[in-house]
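# Reading the structure
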Amino acid sequence: MSDTKIKIDSLYKIFGNKPKEALEYVKQGVGKDELLEKHNHVLGLSDINIDIEDKSIQVIMGLSGSGKSTLIRHINRLIEPTAGNVLVDGSDVLQYDEATLRDFRRTRTAMVFQRFALMPHMTILKNVSLGLELQGKKDDEILNSAMKWIEKVGLNGYEDRYPQHLSGGMQQRVGLARALTNDTDILLMDEAFSALDPLIRKDMQDILLNLQAELHKTVVFITHDLDEALKIGDRIAILKDGIMDQEGLPVDILLSPKTEYVSNFVEDVNRSRVLKAKHIMEKANGSDLSKGMPVDENDFIESFIDRVVAEKPELIVVQDSDKKNIGSLTSKRLSEVLKK
Amino acid sequence: MSFFSEIPTMGRESLRDFKKGIDLNFKEFSRNYGDGIEGFFDPLLMFLVWLEKLLVNSPWPLVILVLAGLAWIGSRNWKLVAGTIVCFMLIGYFGMWKDTMSTIAIISVATLVCISIGIPLGILMSRSRKLEAGITPILDVMQTVPSFVYLIPIIMLLGIGKVPGLIAVCIYAVPPIVRLTNLGIREVDKECLEAVDSFGATSWQRLTRVQMPLALPTIFAGVNQTIMMALAMVVIASMIGVRGLGVPVLRAVSNQYLALGMLNGLAIVALAIIFDRVSQQYGKRLQKHREGRNL
């Protein structure tokens, strides 16, 4: 793929005293539990390969201990791998010397943290300015950018407060504004919304999606919540015990899970709320689609299921935003998808 | 069976030679380098003498005004300022003004010396586990060795006077600030450090923008402890020629002057309480961001 932004290539991370030795065992097929028991090393990541597309949101999902936070920290090298490569725009991050790495972190990546990691001794304005101040930018330039992003995340009026005075949701908006102020093309979000209440989490997800529609950054988003993953991910990778179980489009993960672990994961998802008409339609191939109940390609099943039940149409016609017919659905297909 | 009744010793002869050897060598060392070392401390001595003269020679209302002003700047508390003024008036009324000024001078200089050595040392310690493991036992020794024991080499090297007194005070008073600087920096939230790293901070930026500000309350607790320990050394320092409130206390001990000892002792206590309260209040004010939620 030509538009790969971040390429993670056979990445291994083993924690312990002699990771290089332990790596050999892992390559011979020793599992996580055995490695810990017999060799006293912790397997963090094993043979991870992901191509993250430019300007997309790549979700990395897994339960705690699955290695997802370890993985995201390899992209800006907060953690050094045991083996493997991390390429950003084709250049190997692991080859950078200290100064180049610093520059890379300043201008190419910005990170949002699970527990916000705001500086308690700095005001909101200072927190948001942090990245640019570290770069030694001019004061008025810093102030302009910082105020712009404080406004964008809806925190104007709070510039002179300290983080402790803000609620969790507001603190994470500061975290988001701080990351965006750096104007980087890559945004790393480590369980950024996991510590928030469900309602506030939904707000933050919407803020992120709205911003993404405008900014088109390459976002790597870590979460343990499948609903969140399905909502914001353009693609989803599922990690378990440091191994990547499946990577693909949300709909593929949902409808054709490759492993038992993934299928257990997606079992309880309310599909009508997650799947859109375009995900399950049959592409139009010249057949007559003039008769039928029209739905928009981006409508969730949930939003038109009542009409299907009431009108009992023979065919559901899927249209794009220009009202052009692009595919069709039968009610049989619909019930299959929902039953599965 | 004498093995069980008498512990093996190295023998009187060799023990005497051993001690003599050390003494002679150290004497030799101080003959050769004593002057040089003394010269090294000259600027410090000049500063101490200058400060002492300034405090003693300035008109007393001015001195009290400045001290009260400092108390206000530190604490923003009228009661403390009033207490400070009353204490110094009483100290003057009971004829201890000059000695008190001398004591303030040496405490101030000692504290400055301790801060300028202790904070950088604490920072270095916080950056390397090996250095921490090496320095911690030295600090333990400095705090536990009876001060009279390290007075001996200091006197041999530098004789009697203000500088050896100052050094003795500093040896005793510097450990807390080193320890608490190290502790404060090590206690800084790892997530804050990770965040500042992720934004590409240099290690200097990391230190000055995150580690030091967040460690400041703990470091300040160290400064407070250092001041208190310096005050505790006032009497011992007076034995080797430091002027101040310790001198009359020493005289009171040797002549059984109860009232003189009590009065000067109380003056030291008064200074301690004022310094402690003011510096604690100041330390609290440094943590403005920790004030409760007031959304």
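Structure shown above.
What this report covers is the structure whose coordinates are included nearby.

Moving on: the sheet that holds strand 5 (residues 91–92) of chain A. Residue and element names in this part refer to chain A. In spatial order, the strands read 2-1-4-5; together these four strands make up an open sheet with antiparallel pairing. Both outer strands of the open sheet, strand 2 (42–53) and strand 5, are each paired with one neighbouring strand and no more. In this structure, strand 4 (residues 83–88) lies alongside strand 5, joined through two bridges in antiparallel fashion. Its bridge partner being in strand 5, Val88 is matched across the sheet by Ser91. Together, strand 1 (4–15), strand 2 and strand 4 form the strand contacts of helix 3 (residues 68–75), whose direction differs from that of strand 1 by roughly 125°.

To continue, consider helix 3 of chain A. In terms of burial, helix 3 of chain A is largely enclosed, as seven of its eight residues are buried. Those residues of helix 3 of chain A not exposed but buried are Lys68, Thr70, Leu71, Ile72, Arg73, His74 and Ile75 of chain A.

Turning next to the state of the cysteines. Considering all chains together, one arrives at zero disulfides over all chains under this definition. Cysteine Cys170 of chain B is unpaired, with the sulfur of Cys114 of chain B as its nearest cysteine sulfur at 4.0 Å.

With that out of the way, let us pick up the packing of helix 4 (residues 60–75) of chain B against helix 6 (residues 97–127) of chain B. Residues and elements named next belong to chain B. At a closest axis distance of 13 Å, the pairing of helix 4 and helix 6 adopts a crossing angle of 40°. Relative to helix 6, the element helix 4 is oriented oblique. Judged by the sense of rotation from one axis to the other, the crossing of helix 4 with helix 6 is left-handed. Residue-level contacts link Trp60, Val63, Ile64 and Leu67 of helix 4 to Trp97, Met101 and Ile104 of helix 6.

The interface of chain A with chain B comprises 30 residues on the first partner and 23 residues on the second. When residues of chain A are sorted by the area they lose upon contact with chain B, His121, Leu134 and His165 of chain A head the list and together hold 26% of the total. If you look at where chain A meets chain B, you find three salt bridges. Residue Arg73 of chain A is joined to Glu194 of chain B by a salt bridge in which the shortest nitrogen-to-oxygen separation is 2.5 Å. Linking chain A with chain B are eight residue pairs in polar contact (both at pLDDT 80 or more). Sorting the residues of the side of chain A that touches chain B by element identifies helix 4 (98–107), strand 6 (109–112), helix 5 (124–134) and helix 7 (168–181) of chain A as the ones contributing at least two each. Ranked by residue count, the leading element in the side of chain A that touches chain B is helix 5 of chain A, at four residues. Taken together, the residues that form the side of chain A that touches chain B break down as 15 nonpolar, seven polar and eight charged.

Membership of the largest hydrophobic core comes to 169 residues, with the highest contact counts inside it found for Leu71, Leu187, Met189, Phe221 and Phe304 of chain A together with Phe88 of chain B. Among the elements that make up this core, the one with the highest residue count is helix 6 of chain B (13 residues). Counting residues in each nonpolar core, the second largest holds nine residues, with Ala22, Leu23, Leu43 and Ala83 of chain A among its members.

All right, on to the pairing of strand 14 (residues 325–329) of chain A then. Every regular strand shows the same layout, with side chains that alternate between the two sheet faces. Residues and elements named next belong to chain A. Judged from the two bridges that link them, strand 11 (residues 282–283) and strand 14 form a sheet pairing that is antiparallel. Along strand 14, the bridge assignment pairs Lys283 with Gly327. Relative to strand 14, strand 13 (residues 316–319) is paired through four bridges, and the arrangement is antiparallel. The partner of Ile316 across the bridge, within strand 14, is Leu329. Between the end of strand 13 and the start of strand 14, which pair antiparallel, lie five residues, with Lys323 showing a positive phi angle near 65°.

Turning to the pattern of salt bridges, a few remarks are in order. A complete count under the given rule lists 29 salt bridges over all chains for this structure. A salt bridge links Arg16 of chain B to Glu13 of chain B; the nearest nitrogen and oxygen atoms lie 3.6 Å apart. Taken as a pair, Arg16 of chain B and Glu13 of chain B lie in helix 2 (residues 12–40) at a separation of three residues, close to a single helical turn. Residue Arg16 of chain B is classed as partly exposed on the basis of its relative accessible area, which comes to 49%. With its nearest N and O atoms 3.4 Å apart, the salt bridge here joins Arg186 of chain B to Glu132 of chain B. Here Arg186 of chain B, found in helix 9 (residues 162–186), pairs with Glu132 of chain B, found in helix 7 (residues 129–144); they are 54 residues apart in sequence, far enough to count as distant. Within this structure, Lys5, Asp89, Arg108 and Asp185 of chain A form a network of salt bridges that share partners.

Residues and elements named next belong to chain A. Residues Met293 and Val295 line the buried face of strand 12 (residues 293–296), whereas the alternating positions Pro294 and Asp296 sit on a face that is not buried. Strand direction decides the pairing type here: strand 12 and strand 13, joined by four bridges, are parallel. By the bridge assignment for strand 13, Asp296 is matched with Gln319. Following the chain from strand 12 across helix 14 (residues 301–311) to the adjacent parallel strand 13, one finds a crossover that is right-handed.

What counts as what
Position numbers for residues start from 1 in each chain and track the written sequence from start to end. All chains are assigned letters beginning at A, and all ligands numbers beginning at 1, according to the order in which they are written. Where totals are concerned, whole chains, interfaces and linings use all residues; where local detail is concerned, this predicted model gives features only for residues with pLDDT of at least 70, and gives and counts side-chain atom pairs only at 80 or more. For side-chain calculations, the full set of non-hydrogen atoms in the structure is used, while hydrogens and water are omitted. Strand pairing follows a simple DSSP-based rule, namely that at least 2 bridges must link the two strands. Secondary structure counts use DSSP, requiring at least four H or I residues in a row for a helix and at least two E residues in a row for a strand, with both numbered from the N terminus. Contacts are assigned to residue pairs that have any heavy atoms within 4.5 Å of one another. For helices, the fitted line uses only the C-alpha atoms of the stretch in contact; every axis is such a line through C-alpha atoms, and the angle between N-to-C directions lies from 0 to 180 degrees. When a residue's accessible area, from a 1.4 Å probe over protein chains only, is under 20% of the maximum for its type it is buried; when over 50% it is exposed; and in between it is partly exposed. What counts as a disulfide here is a pair of cysteine sulfur atoms lying within 2.5 Å. In what follows, roughly perpendicular refers to angles from 65 to 115 degrees, roughly parallel to angles under 35, roughly antiparallel to angles over 145, and oblique to any angle outside these ranges. Less than a right angle of anticlockwise turn of the near helix away from the far helix marks a crossing as left-handed, whereas a clockwise turn marks it as right-handed. A 1.4 Å probe defines the accessible area here, and the buried area is the portion of it lost by two parts on being joined, summed over both. Put simply, a salt bridge is a Lys or Arg side-chain nitrogen that is within 4 Å of an Asp or Glu carboxyl oxygen. Definition of a polar contact: a pair of N or O atoms within 3.5 Å, with one able to donate and the other able to accept a hydrogen when the atoms are protein atoms, and with sequence-neighbouring residues admitted only if both atoms are side-chain atoms. Throughout, the ten residues Ala, Val, Leu, Ile, Met, Phe, Trp, Tyr, Cys and Pro are labelled nonpolar, Asp, Glu, Lys and Arg are labelled charged, and all others, Gly among them, are labelled polar. Here, nonpolar core means buried Ala, Val, Leu, Ile, Met, Phe, Trp, Tyr and Cys residues that are tied together by side-chain atoms lying within 4.5 Å of each other. Handedness is read with the strands pointing away from the viewer; a crossover is right-handed when the path from the first strand over the helix to the second is clockwise.

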